[in-house]
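The primary structure of each chain is shown beneath.
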Amino acid sequence: MENAGAARDGDGAPKHYPGKMTVFVFIACLVASSGGLIFGYDIGISGGVTSMDPFLSRFFPSVYAKEKEVVETNQYCKFDSEPLTLFTSSLYLAALIASLFASVITRKFGRKMTMLGGGFIFLIGAVLNGAAADVAMLIIGRILLGIGVGFSNQAVPLYLSEMAPARMRGMLNISFQLMITVGILFANLINYFTDKINGGWGWRVSLGLAAVPAVIMTVGSILLPDTPNSLLSRGKENEARTMLRRIRGTEDIGPEYEDLVAASEATKAIENPWRTLLERRYRPQLVMSVLIPTLQQLTGINVVMFYAPVLFKTIGFGGTASLMSAVITGLVNMFATFVSIATVDRLGRRKLFIQGGIQMIIAQFVLGTLIAVKFGTAGVANISQGYAIVVVVCICVFVSAFAWSWGPLGWLVPSEIFPLEIRSAAQSVVVVFNMAFTFFIAQIFLMMLCRLKFGLFFFFGAMELIMTAFVFFFLPETKGIPIEEMDRIWGEHWYWSRFVGAGRNRVMQMASTV
């Protein structure tokens, strides 16, 4: 498969890089994307164990007592507990802080070393959680898991975008999101079966098995090659040239290698990439690195995926039924991601963003109405099996829309729009805002559900309306455009051109591989 990657000659005419999609690149990207497993597994496992009675009775007895009250108890407020939300959200606060340190490691030691460190730290956290004797031990384990997530989320998207040819960048980068969905699905399946273990220790199995994706990521990182970009930025010219030949499947790498060298020199000339990121010419990238991850979390997806079992239990499902419903949403999430993989490099990013946004808006408002009709503001109701099935279908429609739009594209688009000199710093901004709003939503969701009741779903629906409009007006299409030319799209945009100038007439001073 020929690579459509191109850079600009001095006269503005495009020059095309020879090369193809190689088996080596495909395998390397598949292994690297396993970093998504640890993130996804944790998302899925947290909501599951917090709906298990033995776990709640041991660590959060007040929540357990509330849950066992008669059905007339306000269903919206049964799980409103600060210690319980701290258990869930502490991971994301730790990931936020860790990503800032990961930026320095990624730049100085490479993407590979950052992923390796993240996998190893996550492994320690998994062991602590599985062996937890009290809430403090649980939260310390969660913090270590968060550090691992922060490292992997900082490095993996960059690695995938730098290894992939431009024509296949969307598909290969979305493999990270696919692994997240696989992790969520396996976590939901594990929760479903461990909840049935006699003796009440199934939650230990659920939490401890997080060590499996951690081992996969750690061992995989040891075996992975580093990207040509990273090798050059660390002064390893010969290794970078050899690696570029290998990943492009051709000896004719002269033009692309020269652009890589130019990009590397530009990067070395910058002492403080954080300060550089704040320059006016990088305003579009800075705005996208802040708003895309922020808006991704304001879709309300984590309300569904973190607390799917809790949410289903809240609206009247039994314990086992709620876990089974979470498995169903996990399956929908995974299979819908394949839709994005198959279409993102053909239809483009904008179409998926907008279509998915419209579908999520409709699903949220319908879901809010369904819950409002049954529970009202009192939060007291019994729902029939048929009504519950309609609720599950509505949630699946929402999850599928997220899985082929804001889920994968929220990681893909930021990772492909940054020039090399600010790439590590900018990706840290992406992770910081993603984790900050994940933490924020996880921390206040149960409180918001208790106070806003069914209005919470209308709130997220309104957010999805805003973010869909934002994409329509402010996000240019990045499909098939090499990172070397990415600043051209800002220069040609009706709004962003005022910050970066007329990109069509600009001479590119730096480039990167993708």
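Residues numbered from 1 in each chain as written. Predicted model: local features only at pLDDT ≥ 70, side-chain atom pairs only at ≥ 80, totals over all residues. Heavy atoms only, no water.

- You'll find the protein chain entered in an unreviewed UniProt entry as Major facilitator superfamily (MFS) profile domain-containing protein, with Oryza punctata given as the organism.
- We quote the UniProt Subcellular location (unreviewed entry) comment for the protein chain here in full: "Membrane".
- Quoted straight from UniProt, the Sequence similarities (unreviewed entry) entry for the protein chain says "Belongs to the major facilitator superfamily. Sugar transporter (TC 2.A.1.1) family." (UniProt positions renumbered as here; feature names shortened; annotations may be inferred.)

**Topic: the overall build of the protein chain**
Working step 1: When its secondary structure is counted, the protein chain shows 24 helices and 2 strands.
Working step 2: Per-residue burial over the protein chain gives 61% buried out of 514 residues.
Working step 3: Look at the contacts in the protein chain between residues 6 or more apart in sequence, and 80% of them connect residues 24 or more apart.
Working step 4: By element, 68% of the accessible surface of the protein chain is carried by carbon and sulfur atoms, the whole surface being about 18,100 Å². (Helix = DSSP H or I, 4+ residues; strand = E, 2+ residues; numbered from the N terminus. Buried < 20%, exposed > 50% of the residue type's maximum accessible area, 1.4 Å probe, protein only. Contact = heavy atoms within 4.5 Å. Areas by Shrake-Rupley, 256 points an atom, 1.4 Å probe, with all protein chains shown as cover.)

**Examining the packing of aromatic side chains**
Working step 1: Enumeration over the complete set of coordinates arrives at 22 aromatic pairs.
Working step 2: Measuring from centroid to centroid gives 5.2 Å for Phe 55 and Phe 59, while their planes differ by 45°, and the two rings are tilted. Taken together, the residues Phe 55 and Phe 59, both in helix α3 (residues 53-59) and 4 residues apart, mark about one turn of the helix.
Working step 3: These aromatic residues form a ring-pair network of at least three members: Phe 470, Phe 474, Trp 490, Trp 494, Tyr 495, Trp 496 and Phe 499.
Working step 4: Its guanidinium or amino end placed over the ring of Tyr 192, Lys 196 lies 4.6 Å from that ring's centre, counting from NZ or CZ.
Working step 5: Arg 246 extends its terminal NZ or CZ atom over the ring of Phe 24, reaching a point 3.8 Å from the ring centre. (Phe/Tyr/Trp six-rings, centres within 6.5 Å; stacked < 30°, edge-to-face > 60°. Lys NZ or Arg CZ within 6 Å of the ring centre and 35° of its normal.)

**Points about helix α15 (residues 283-297)**
Working step 1: A rise of 1.5 Å per residue sets the reference length of α15, with its 15 residues, at 21 Å; its end C-alpha atoms lie 22 Å apart and thus fit the reference within 8%.
Working step 2: Burial analysis of α15 places 11 of its 15 residues in the buried class, which makes it a mostly covered element.
Working step 3: Looking at α15, one finds that the buried residues are Pro 284, Gln 285, Leu 286, Met 288, Ser 289, Ile 292, Pro 293, Thr 294, Leu 295, Gln 296 and Gln 297. (Expected span 1.5 Å × (residues − 1).)

**Details of the confidence of the model for the protein chain**
Working step 1: Chain-level pLDDT for the protein chain is 81 on average; 84% of the residues reach the 70-or-more range.
Working step 2: Segment residues 1-15 is flagged for pLDDT under 50; beyond a separation of four residues in sequence, or across chains, it makes 47 contacts in the model.
Working step 3: Throughout residues 502-514 the model reports pLDDT below 50, and contacts reaching past four residues in sequence, or to other chains, amount to 47 contacts. (pLDDT = per-residue confidence, 0-100.)

**What about a nonpolar patch on the surface?**
Working step 1: A cluster of nonpolar side chains, namely Leu 93, Ile 97, Leu 100, Phe 101 and Trp 274, defines an oily patch on the protein surface of about 460 Å² accessible area.
Working step 2: A total of 4 residues in the nonpolar patch trace back to one element, the largest contributor, which is helix α5 (residues 82-109).
Working step 3: With respect to the helices, strands and loops of the structure, Leu 100 is situated in helix α5.
Working step 4: What makes Leu 100 partly exposed here is its relative accessible area of 37%. (Patch = residues over 30% accessible without salt bridge, like charges linked within 9 Å, V, L, I, M, F, W, Y side chains within 5 Å. Salt bridge = Lys/Arg side-chain N within 4 Å of Asp/Glu carboxyl O.)

**Things to note about the packing of helix α19 (residues 385-403) against helix α20 (residues 406-416)**
Working step 1: Relative orientation of the contacting elements α19 and α20 amounts to 20°, with a least axis distance of 5 Å. Between α19 and α20, the angle falls in the class roughly parallel. Facing Ala 401, Phe 402 and Ala 403 of α19, the residues of α20 in contact are Trp 406, Gly 407 and Pro 408.
Working step 2: When grouped by side-chain class, the residues that make up the contact of α19 with α20 number 5 nonpolar, 1 polar and no charged. (Axes fitted to C-alpha atoms, helices over the stretch in contact; angles between N-to-C directions. Parallel < 35°, antiparallel > 145°, perpendicular 65-115°, else oblique. Nonpolar A, V, L, I, M, F, W, Y, C, P; charged D, E, K, R; others polar.)

**Topic: the nonpolar core**
Working step 1: Counting residues in each nonpolar core, the largest one holds 128 residues, and the members touching the most others are Phe 55 and Trp 406.
Working step 2: It is helix α8 (residues 169-194) that provides the largest number of residues to this core, a total of 12 residues. (Core = buried A, V, L, I, M, F, W, Y, C linked by side-chain atoms within 4.5 Å.)

**A few points about the environment of Val 23**
Working step 1: Mapped onto the secondary structure, Val 23 falls in helix α1 (residues 23-32).
Working step 2: Taking the C-alpha atoms as reference, Val 23 lies 9.1 Å from Gly 249; in sequence the two are 226 residues apart.

**Thoughts on the packing of α1 against α8**
Working step 1: Packing of α1 against α8 leaves a shortest axis separation of 9 Å and a crossing angle of 30°. As summarised for this structure, α1 and α8 are arranged roughly parallel, according to the angle between their axes. Relative to α8, the crossing made by α1 is right-handed. Along the contact surface, α1 presents Val 25, Phe 26, Cys 29 and Leu 30, while α8 presents Leu 172, Ser 175 and Met 179.
Working step 2: Its residues placed into classes, the contact of α1 with α8 shows 6 nonpolar, 1 polar and no charged. (Left-handed = near helix turned anticlockwise from the far one by under 90°.)

**Examining the side chain of Thr 299**
Working step 1: Structurally, Thr 299 can be placed in the loop between α15 and α16 (301-314).
Working step 2: Within the structure, Thr 299 has its side chain in polar contact with the backbone oxygen of Gln 296 (distance 2.7 Å).
Working step 3: At 3.3 Å, the side chain of Thr 299 and the backbone nitrogen of Ile 301 are in polar contact.
Working step 4: Aside from chain neighbours lying at most four places away, what touches Thr 299 is Met 360, Gln 364, Phe 398, Phe 402, Trp 406, Phe 460, Glu 464 and Met 467. (Polar contact = N/O pair within 3.5 Å; in protein donor to acceptor, adjacent residues only side chain to side chain.)

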